[in-house]
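Structural overview for review
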Amino acid sequence: MKIVFKPQYFHWLLIVLGTLLGIKTVWFIVQVIWLPAAGVNQPEKVKSDPLYYRVKLTPNKAPAPAVKKPKPVVSTKIKDIQLIGVYHTEAVTVVTILHKNQSQVLRRGEKVKEFTLTGGGHNYAIFTKGGKEYKVELDEKKAIGAITSGSRGKSATVPVSKEKKGAIVDGDGYKLIDRSLVNHYSKNLQEMGKNIGAVPVKKGNSIDGFRITYIRKKSDFAKLGLKRGDIIKAANGQELKSLDEAMAIYKQVDVMENLSLTIQRGNEEMELEYEVN
Amino acid sequence: MQMVKKTLLIFLVVWLGVVWFTPHRELYYKVETELEKQGVRINEATIEESIFGLEIHGAEIYFKDARIATVEEIDIRTLLFYQSLTLVGLETDSLIGINVDKASVVHSLLSPLSVTLDGNGSMGVVTGAVDLSEQKVRLDFIEAKDISKIRSQLKKDAQGWYYENSF
């Protein structure tokens, strides 16, 4: 009788299968005792865009009520008006002026005191009062920038301002920040880190805002009204509960026109308003 | 000769058994658990297990709850004496600003105390090594391209830009 399958091959097969079974058993024990059955995932957050609108409820300047006593008329001189920013095209003229330490943005046709903005140029604005024209030159020392458009076909040019990046000007209850400043820091996180530092405030396992650990003196961030020890709780109404949320706000800052920060200073909660020019 | 054959056969069977039955997915989960202790989390769209490793698709890497990178594909291969990890399509957050087309990390028993790194992407071509005995990592940017965002972390010598750190 011809032997097809030798007993020693069967012996080896048993050894091989036994070895494989042993290895599988060892791995099974390791898997049950030491290895987790499921991984760790970052929970998905429902994305919601911060809802923040600045609404001007009184667009039209209503006349003062007759009950009030008439204020004495003080004539404004053109010298009292300082031009710190100008945007001029054939169709549009928008200027930023400083009048009595308060900044104001005017469009063509709008007035500041008795002076009406009627035109402009690459570094000047033209005001009219009583039929007489006054030319106000851009104040180089306080200038936040000028943008003009030439004739058709030419692209707008931004003349170099004497200021390094832009200015932060006090407005009426808010601070006016130049766009170039915002754009600069939105692209230079490291430079921002040299001027301001913040750490998350932990509340259990979650974050309850970001505490400012340092602000470089005389830096642009010091001019924002923030102080060391302040806790930034929310931005544009959105609570900052995670690093992801804070970074999302940071990434949107270069397209924002308004920013409102809710901060806690000591036991007091306050709101800091910013407008980007 | 017969003894040698038998020994080789046993070695092959044991090697094949160990590699084949390795619970790759669960080992990956263990790595995720350890990374979570450092604040790193990975979300993956799919995990495909094979005999010699894992393929992870659509991974999102988070560090302290902030998403820092996405990876199109992570390929992990282990042959006991040779391990490799290949990343394809790594895109970091705009703040980090580095995109890696392909990167590979290789460890071999031939040099057990060294891990080699290779990659190419927006930063150029990078090669390097991790010395496990001296606990040092060095990356050489052979053809440095867009390294503006990471330049502050780099040093320069006669050969060009490089990154060196101890851990």
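Before reading on, note that the structure itself is shown above.
What this report covers is the structure whose coordinates are included nearby. As a convention, each chain's residues are numbered from 1 in the sequence order in which they are written. Going through the entries in the order they are written, you letter the chains from A and number the ligands from 1. This being a predicted model, a pLDDT of at least 70 is required before a residue's local features are given, and a value of 80 or more before pairs of side-chain atoms are given or counted; all residues contribute to the totals for chains, interfaces and linings. Side-chain measures here rest on the full set of heavy atoms in the structure, leaving out hydrogens and waters.

As for the overall build of chain A
Strands are runs of DSSP state E lasting at least two residues, helices are runs of H or I lasting at least four, and both sets are numbered from the N terminus onward. Across its full length, chain A carries 4 helices and 16 strands. In what follows, a contact means two residues having at least one pair of non-hydrogen atoms within 4.5 Å. Taking contacts inside chain A between residues at least 6 apart in sequence as the whole, the part at least 24 apart equals 46%. Only the protein chains shown count as cover for residues, and all accessible areas are computed by the Shrake-Rupley method using a 1.4 Å probe. Total accessible area computed for chain A in this model is approximately 18,800 Å², and 57% of it derives from carbon and sulfur atoms.

So, the overall build of chain B
When you go through chain B residue by residue, the secondary structure sums to 2 helices and 11 strands. When burial is assessed residue by residue, chain B has 34% of its 167 residues classed as buried. Summarising the internal contacts of chain B: among those between residues at least 6 apart in sequence, 26% fall at separations of at least 24. Carbon and sulfur atoms make up 61% of the accessible area of chain B, which amounts to about 9,700 Å² in all. Only protein chains enter the accessibility calculation, which uses a 1.4 Å probe; a residue is then buried when its area is under 20% of its type maximum, exposed when over 50%, and partly exposed in between.

Focus on the pattern of salt bridges
Here a salt bridge means any side-chain nitrogen of Lys or Arg lying within 4 Å of a carboxyl oxygen belonging to Asp or Glu. A complete count under the given rule lists 18 salt bridges over all chains for this structure. A salt bridge links Glu114(A) to Lys129(A), with the shortest nitrogen-to-oxygen separation between them at 3.7 Å. Taken together, the residues Glu114(A) in the loop between β4 (111-112) and β5 (115-120) and Lys129(A) in strand β6 (residues 124-129) connect sequence positions 15 residues apart. The class of Glu114(A) is partly exposed, set by a relative accessible area of 28%. Given the relative accessible area of 24%, Lys129(A) is considered partly exposed. A salt bridge links Arg25(B) to Glu49(B), with the shortest nitrogen-to-oxygen separation between them at 3.8 Å. Here Glu49(B) lies in strand β2 (residues 46-49) and Arg25(B) lies in helix α2 (residues 24-36), a separation of 24 residues in the sequence. Judged by its relative accessible area of 25%, Arg25(B) falls in the partly exposed class. Overall, Glu49(B) belongs to the partly exposed group, its relative accessible area being 39%.

Describing the packing of aromatic side chains
Only Phe, Tyr and Trp rings take part, Trp by its six-membered ring, and two of them pair if their centres are within 6.5 Å. Stacked means planes under 30 degrees apart, edge-to-face means over 60, and tilted covers everything else. Inspection of every chain in the model, using the stated rule, returns 6 aromatic pairs over all chains. Ring geometry for Trp15(B) and Phe81(B): centres 6.0 Å apart, planes at 25 degrees, overall stacked. Taken together, the positions of Trp15(B) in helix α1 (residues 2-21) and Phe81(B) in the loop between β4 (66-78) and β5 (82-92) put the pair 66 residues apart, joining distant regions of the chain. Following the ring pairs from residue to residue traces out a cluster consisting of Trp15(B), Phe52(B) and Phe81(B). A cation sits over an aromatic face here: Lys135(A) above Tyr124(A), 4.3 Å from the ring centre. Criterion for a charge above a ring: Arg CZ or Lys NZ at most 6 Å from the ring centre, at most 35 degrees from the ring normal.

Let's talk about the side chain of Thr116(A)
Residues and elements named next belong to chain A. With respect to the helices and strands, the residue threonine 116 is situated in strand β5. Since its relative accessible area comes to 19%, threonine 116 is described here as buried. Setting aside its immediate chain neighbours within four residues, threonine 116 contacts Gly109, Glu110, Lys111, Ile126, Phe127 and Thr128.

Focus on the environment of Lys202(A)
With respect to the helices and strands, Lys202(A) occurs in strand β11 (residues 196-203). Along the chain, Lys202(A) and Ser242(A) lie 40 residues apart, while their C-alpha atoms are 9.8 Å from each other.

Examining the interface of chain A and chain B
Of the residues lining the interface, 27 residues belong to chain A; the matching set on chain B comes to 33 residues. Two parts placed together each lose some accessible area under a 1.4 Å probe, and adding up what both lose gives the buried area. Summed over both sides, the interface between chain A and chain B buries roughly 2,700 Å², with carbon and sulfur atoms accounting for 65% of that surface. It is Trp27(A), Val40(A) and Gln42(A) in chain A that bury the most area against chain B; as a group they hold 25% of the surface buried on that side. Scanning the region where chain A abuts chain B turns up 1 salt bridge.

Concerning a nonpolar patch on the surface
Patch membership requires over 30% relative accessible area and the absence of a salt bridge. Like charges are linked within 9 Å, and nonpolar side chains (Val, Leu, Ile, Met, Phe, Trp, Tyr) within 5 Å. Taken together, the side chains of Phe28(A), Ile29(A), Val32(A), Ile33(A) and Trp34(A) define a hydrophobic patch exposed on the protein surface, amounting to about 560 Å² of accessible area. Looking at the secondary structure, you find Phe28(A) in helix α1 (residues 7-34).

Regarding the sheet that holds β4(A)
Residue and element names in this part refer to chain A. The criterion for strand pairing is that DSSP finds at least two bridges linking the strands in question. Reading across the sheet, the 4 strands line up as β4-β5-β6-β7 and stay open at both edges, with antiparallel pairing between neighbours. Looking along the sheet, the strands with just one partner apiece sit at the ends: β4 and β7 (132-137). Inspection of the sheet shows β6 paired to β7 by 6 bridges, in the antiparallel sense. Bridge pairing links lysine 129 to lysine 132 in β7.

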